[in-house]
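Close look at the chain arrangement
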Amino acid sequence: MKFISWNIDSLNAALTSDSNRAVMTREVIETIKKEDPDVIALQETKLPQTGLSKKHKEKLEEFFPDYNYVHVNSAEGARKSYAGCMTLYKKDLDCNSNFPIIDAPEPMDLEGRMVTLEFEDFYFTQVYTPNAGNELKRLSDRQKWDRKYSDYIVKLDKEKPVIAAGDFNVAHEEIDLAHPENNHMSAGFTDEEREGFAYILSRGFTDTFRYLNGNVEGKYTWWAQRVKTSKINNSGWRIDYFLVSNRIKDNVSRSDMIDSGKRQDHTPIVMEINI
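Report on the accompanying structure. Computed from a predicted model, the values in this text were never measured in an experiment. (Residues numbered from 1 in each chain as written. Predicted model: local features only at pLDDT ≥ 70, side-chain atom pairs only at ≥ 80, totals over all residues. Heavy atoms only, no water.)

Examining the sheet that holds strand β2 (residues 39-43)
In sheet architecture, strand pairing relies on hydrogen bonds along the backbone and comes in two forms, parallel and antiparallel. Just so we agree on the cut-off: At least two DSSP bridges between two strands are needed for those strands to be called paired. Here a helix means four or more residues in a row that DSSP labels H or I, a strand means two or more in a row labelled E, and each is numbered from the N terminus. Every axis in this analysis is a line fitted to C-alpha atoms, fitted for helices over the stretch in contact. Angles between the N-to-C directions lie between 0 and 180 degrees. Residues count as neighbours in contact if any of their non-hydrogen atoms are within 4.5 Å of one another.
As summarised here, the arrangement of the 6 strands in space is β3-β4-β2-β1-β14-β12, forming an open sheet in which the pairing is mixed. Pairing within the sheet leaves two strands with one partner each, and these edge strands are β3 (67-72) and β12 (252-257). Averaged over neighbouring strand pairs, the angle between their axes works out to 15° when direction is ignored. Relative to strand β4 (residues 85-90), β3 is paired through 6 bridges, and the arrangement is antiparallel. By the bridge assignment for β4, Tyr69 is matched with Leu88. Running at roughly 170° to strand β1 (residues 2-7), helix α2 (residues 20-35) makes contact with β1, β2, β12 and β14 (269-273) of the sheet.

Below is the structure:
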């Protein structure tokens, strides 16, 4: 099976806007469709709390005619049109979906950060991990999230193997960003966040990109939009991942990035596995 994960940074805009950025986003969607994945996980959909409009549904059917989809938005009590996740899966696939509540610090469980699909032989779960925020104001809550999240996927793993994908908002090792020397106090590369990610792996999961590609350098999934030359100079971070239960890691045949052209911010990632 083939899986793609992408922090799209506003599916809402891709479906409703004709801005230059929305046009570039739709171009990346076409690139994804050419990969013909079985499952597509999208983070930061930024759809309204009221749900999908008629136009949203029409455009989704136009862009993804071969897929069913499930989505979760930010709920009342969280910021409007913030975060949100959607998982699309081929119409011939049989699965059940749910939107986990992991008892995270408020209002994280209300922010539309997780979708889980249960297939016959495995779980697929996607996540948009909370950012530690400006001046690391949310770091303590982020640390609690990592613990609660790891407990959740460990619980799933006791039932059947897990594939966990998404924007984990952390560069795990110095090799995972272009300038580690300047970022040890930056959100996404603090010791605390890196330790939190290492803890998740230690509980029985494998970072498939590193497992297959070793210590290859200069491979990133995110480039800052606010720095116009970040992608040109490849001054990026690897903060998007496919994790799998250790017992199925040798079934993975591909784990890589998909070229998103000139569009900055996140690029899609892809994984193929015999599952």
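Next, the rest of the story.
With respect to the side chain of Thr221
Put simply, the rule is: The buried label applies to any residue whose accessible area, calculated with a 1.4 Å probe on protein chains only, is under 20% of its type's maximum; exposed applies above 50%, and partly exposed to all values in between. Pairs of N or O atoms within 3.5 Å make up the polar contacts considered here, provided that, within protein, one atom can donate a hydrogen while the other can accept it, and that residues adjacent in sequence are counted only when both atoms are side-chain atoms.
Turning to its location among the elements, Thr221 is positioned in the loop between α6 (208-213) and β10 (222-223). On the basis of relative accessible area, Thr221 is assigned to the buried category, the value being 0%. Only 3.0 Å separates the side chain of Thr221 from the backbone nitrogen of Ile239, close enough to count as a polar contact. A polar contact is formed between the side chain of Thr221 and the side chain of Asp240, at a distance of 2.5 Å.

Details of empty space enclosed by the protein
Condition: Site definitions follow a grid-based scheme: protein atoms alone, a 1 Å grid, a 1.4 Å probe that fits but cannot get out for cavities, and for pockets an open set with protein on both sides within 12 Å along at least five of seven lines, plus lining residues having an atom within 4 Å of a point. Grid points are joined across faces, edges and corners, and a volume is the space filled by probe spheres set on the points.
Enumeration over the complete set of coordinates arrives at 1 cavity of 30 Å³ or more. Volume-wise, the largest cavity comes out at about 60 Å³. Lining of the largest cavity is provided by Asp207, Phe209, Arg238, Asp240, Tyr241, Phe242, Ser255, Asp256, Met257, Ile269 and Val270. Looking at the lining of the largest cavity, the elements with two or more residues in it are β11 (240-245), β12 and β14.

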